[in-house]
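Each chain, letter by letter, is given below.
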Amino acid sequence: MSLAAATAAAARATTTAAESHGFLSPTGVEIAFLLVGLVTFGAGIVTVTTKQLVHAALWLVVTLGGLAVEYLLLTAEFIAWVQVLIYVGSVVVLLLFGLMLTKAPIGRSPDADSGNRWAALTVAVASAGALVWVVVDAFRTTWVDLGGAAAGSTEVTGASLFQSWVLPFEALSVLLLAALVGAIVLSRKAAADKATPALPTPGTPSGTLPPSRTAGGATAPGEQPPAKEGTR
């Protein structure tokens, strides 16, 4: 089957589902989608509110896993497995290794909280409202036939990505490249600062010890040895 035929089949499936859909008769898949969405939303709230860093990373696994299940319920198998392999299998593991290598505290971390809690909550609610409004307005009359052929296969996803979304895809790649270059620059700067030698003592030539001590700890020539305790 060609890409055009696959895209046309997906469009016919969505049209048929839109004609036979009813809000008052939800299917089992739609109910499962709502329940998994509530669990994912709750796990996301716990992720950003807990004061234990390890618990936050583990709740992030639940959040990303819930998103993968949502993709499966929407017949987008390829996106679901990408979610599991990249985010759950790589990003979260990287975060856990980072916590272990930096010797992050295992228990509660008071420093993990911020005084900008209400500002962050306001921005989060506004962003979520804008995102929901844009998605609902863009896909108001589009429905997915959950009982039909998979509309999120690799072939259909690739055709849609490189035909309709190629510019955002390339912009995202440039953004990731800029983040990688910035991380390299910051790490090299930190290494250079750490390798900078300490300044010598004023009046002392660089690379020598003060005149009262030599490399072996003995008294320098011409200097009186320090008085021992108990002598006058």
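Residues numbered from 1 in each chain as written. Predicted model: local features only at pLDDT ≥ 70, side-chain atom pairs only at ≥ 80, totals over all residues. Heavy atoms only, no water.

(A) Region of the structure containing the overall build of the protein chain. For the protein chain, the helix and strand inventory stands at seven helices and zero strands. Within the span of the protein chain, comprising 232 residues, buried residues form 12% of the whole. A separation of at least 24 residues holds for 65% of the contacts in the protein chain among residues at least 6 apart in sequence. As presented, the protein chain carries roughly 17,700 Å² of accessible surface, and 71% of it is formed by carbon and sulfur atoms. (Helix = DSSP H or I, 4+ residues; strand = E, 2+ residues; numbered from the N terminus. Buried < 20%, exposed > 50% of the residue type's maximum accessible area, 1.4 Å probe, protein only. Contact = heavy atoms within 4.5 Å. Areas by Shrake-Rupley, 256 points an atom, 1.4 Å probe, with all protein chains shown as cover.)

(B) Main features of the packing of aromatic side chains. Evaluated as defined, the whole model comprises one aromatic pair. An angle of 70 degrees between the planes, with centres 5.4 Å apart, marks the rings of Phe162 and Phe169 as edge-to-face. (Phe/Tyr/Trp six-rings, centres within 6.5 Å; stacked < 30°, edge-to-face > 60°.)

(C) Up close: a nonpolar patch on the surface. Nonpolar side chains collect at one region of the surface, where Leu72, Trp81, Val84, Leu85, Ile86, Tyr87, Val91 and Leu95 lie side by side and expose about 730 Å² of accessible area between them. Here the element with the most residues in the nonpolar patch is helix α4 (residues 77-101); it accounts for seven residues. When you line up the elements, Val91 lands in helix α4. (Patch = residues over 30% accessible without salt bridge, like charges linked within 9 Å, V, L, I, M, F, W, Y side chains within 5 Å. Salt bridge = Lys/Arg side-chain N within 4 Å of Asp/Glu carboxyl O.)

(D) Local environment of the packing of helix α3 (residues 53-73) against α4. For the pair α3 and α4, interaxial distance at closest approach is 8 Å and the crossing angle is 175 degrees. Considered as vectors, α3 and α4 are oriented roughly antiparallel to each other. Each of Leu53, Val54, Ala57, Leu60, Val61, Leu64, Gly65, Leu67, Ala68, Tyr71 and Leu72 in α3 lies in contact with α4, whose residues at this interface are Glu77, Ile79, Ala80, Gln83, Val84, Tyr87, Val88, Val92, Leu95, Leu96 and Leu99. Among the residues forming the contact of α3 with α4, the class breakdown is 19 nonpolar, two polar and one charged. (Axes fitted to C-alpha atoms, helices over the stretch in contact; angles between N-to-C directions. Parallel < 35°, antiparallel > 145°, perpendicular 65-115°, else oblique. Nonpolar A, V, L, I, M, F, W, Y, C, P; charged D, E, K, R; others polar.)

(E) Up close: helix α6 (residues 154-164). Among the residues making up α6, those that are buried are Val156, Thr157 and Ala159. Each buried residue of α6 sits inside an arc of 165 degrees when the element is viewed along its axis, so together they form one side. (Arc of directions from axis to C-beta.)

All we've got here are geometric facts, nothing functional implied.
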